[in-house]
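Notes for the structure review
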Amino acid sequence: QQQVKQSPQSLIVQKGGISIINCAYENTAFDYFPWYQQFPGKGPALLIAIRPDVSEKKEGRFTISFNKSAKQFSLHIMDSQPGDSATYFCAAGIYSSASKIIFGSGTRLSIRP
Amino acid sequence: DAGITQSPRHKVTETGTPVTLRCHQTENHRYMYWYRQDPGHGLRLIHYSYGVKDTDKGEVSDGYSVSRSKTEDFLLTLESATSSQTSVYFCAISGADRANTGELFFGEGSRLTVL
């Protein structure tokens, strides 16, 4: 199976809170797990990505947690800011081939001031 | 910006008419992709190209064809548009010249409405 399941579909978080988006995959051959951020009227842009050799990767306020045995990974946004309001897509695929990347259905995140 | 231009950005057409969307890149990247974005479905790959005149199908290729006669241009054609092809179409290129590392850079999208 090639699906990547993403939840929740939408999320509202207070400014300064923690935003958490979860994803699950099925294909054990996947070895690359990126997150993309998309603002209205723009194309998605790579936010952060992780390979399965580590369980966590942090870049600023953004952290990916990865659980290989459960085939799950999540994005945590610490100290969420109104500027983080966007749609977030998780994805899973084969690192050596962008044509093999499968995207989740997206999460619309709104940060309330 | 990754040097990707999509045209047209917006188009309204009628069922049964042909439509061509153009993606132009200035990055000289080997790999180019067409995705469609629909609510509840995320981004789905339509077709991709791994070089001039080298293309392959993605997961939702029915009703679409592509052509790449130059490194910088990748065309997506709907031979006879249907209402189910109403969507936002994104072109993307890979992040590397020689090795396809999986990172994608996206254009700003082309919104197509088929009446």
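Keep in mind that this is a model prediction, so the values were computed, not measured. (Residues numbered from 1 in each chain as written. Chains lettered and ligands numbered in written order. Predicted model: local features only at pLDDT ≥ 70, side-chain atom pairs only at ≥ 80, totals over all residues. Heavy atoms only, no water.)

1. Observations concerning the overall build of chain B
Within chain B, the secondary structure is distributed over 0 helices and 11 strands. N-terminal to C-terminal, the α/β element order of chain B is β-β-β-β-β-β-β-β-β-β-β. The 115 residues of chain B split such that 48% are buried. Restricting to contacts in chain B with at least 6 residues of sequence separation, those with at least 24 account for 55%. Accessible area for chain B stands at about 5,400 Å²; split by element, carbon and sulfur atoms hold 46% of it. (Helix = DSSP H or I, 4+ residues; strand = E, 2+ residues; numbered from the N terminus. Buried < 20%, exposed > 50% of the residue type's maximum accessible area, 1.4 Å probe, protein only. Contact = heavy atoms within 4.5 Å. Areas by Shrake-Rupley, 256 points an atom, 1.4 Å probe, with all protein chains shown as cover.)

2. Quick word on the side chain of Ser80(A)
Residues and elements named next belong to chain A. Tracing the backbone through its elements, the reader meets Ser80 in the loop between strand E8 (72–77) and strand E9 (86–94). On the accessibility criterion, Ser80 (0% relative accessible area) is buried. Within the structure, the side chain of Ser80 is placed 3.2 Å from the backbone oxygen of Ile77, a separation counted as a polar contact. Residues contacting Ser80, with those up to four places away along its chain left out, are Val13, Gln14, Lys15, Gly16, Gly17, Ile18, Ser19, Arg61 and Ile111. (Polar contact = N/O pair within 3.5 Å; in protein donor to acceptor, adjacent residues only side chain to side chain.)

3. A word on the sheet that holds strand E7 (residues 62–67) of chain A
Residues and elements named next belong to chain A. The sheet built from 5 strands is open, its strands ordered E1-E3-E8-E7-E6 with antiparallel pairing. The strands lining the two open edges of the sheet, one partner per strand, are strand E1 (4–7) and strand E6 (56–59). Put simply, the sheet's adjacent strands are angled 15° from each other on average, direction ignored. Bridge analysis of E1 against strand E3 (residues 19–25) gives 4 bridges, and the strand direction is antiparallel. By the bridge assignment for E3, Val4 is matched with Tyr25. (Pairing = 2+ DSSP bridges. Axes fitted to C-alpha atoms, helices over the stretch in contact; angles between N-to-C directions.)

4. So, a nonpolar patch on the surface
A cluster of nonpolar side chains, Ile18(A), Ile20(A) and Met78(A), forms an exposed patch at the surface whose accessible area comes to about 240 Å². Counting through the fold element by element, Ile18(A) comes out in the loop between strand E2 (10–14) and E3. (Patch = residues over 30% accessible without salt bridge, like charges linked within 9 Å, V, L, I, M, F, W, Y side chains within 5 Å. Salt bridge = Lys/Arg side-chain N within 4 Å of Asp/Glu carboxyl O.)

5. Quick look at the nonpolar core
Residue and element names in this part refer to chain A. In terms of nonpolar packing, the biggest core is built from 25 residues, with Tyr25, Phe33, Trp35, Phe73, Leu75 and Tyr88 touching the most fellow members. When residues of this core are traced back to their parent elements, those giving at least two are E2, E3, strand E4 (33–38), strand E5 (45–50), E7, E8, E9 and strand E11 (107–112). Ranked by residue count, the leading element in this core is E9, at 4 residues. Excluding residues that lie within four positions of it along the chain, Phe33 makes contacts with Tyr25, Ile48, Ala49, Ile50, Pro52, Ile64, Phe66, Phe73, Ala91 and Ala92. (Core = buried A, V, L, I, M, F, W, Y, C linked by side-chain atoms within 4.5 Å.)

6. Let's talk about the pattern of salt bridges
Residue and element names in this part refer to chain B. Per the stated rule, a full pass over the model turns up 9 salt bridges over all chains. Taking the shortest distance from any N to any O, the salt bridge between Asp38 and Arg44 comes out at 3.0 Å. The pair formed by Asp38 and Arg44 is uniform in burial state, with each residue classed as buried.

7. A closer look at the state of the cysteines
Inspection of the entire model under this criterion finds 2 disulfides over all chains. Shown here is the disulfide that connects Cys23(A) with Cys90(A), its sulfur atoms set 1.9 Å apart. Torsion about the S-S bond of the Cys23(A) and Cys90(A) cystine: about -95°, corresponding to left-handed handedness. Of this pair, Cys23(A) sits in strand E3 while Cys90(A) sits in strand E9, placing them 67 residues apart in sequence. A relative accessible area of 0% places Cys90(A) in the buried class. Paired by a disulfide, Cys23(B) and Cys91(B) hold their sulfur atoms 1.9 Å apart. Taking the torsion about the S-S bond as the criterion, the Cys23(B) to Cys91(B) disulfide, at about -70°, is left-handed. In this pair, Cys23(B) sits in strand E3 (residues 19–25) while Cys91(B) sits in strand E9 (residues 87–94), placing the two residues 68 residues apart along the sequence. By relative accessible area, which is 0% here, Cys23(B) ends up buried. (Disulfide = S-S within 2.5 Å.)

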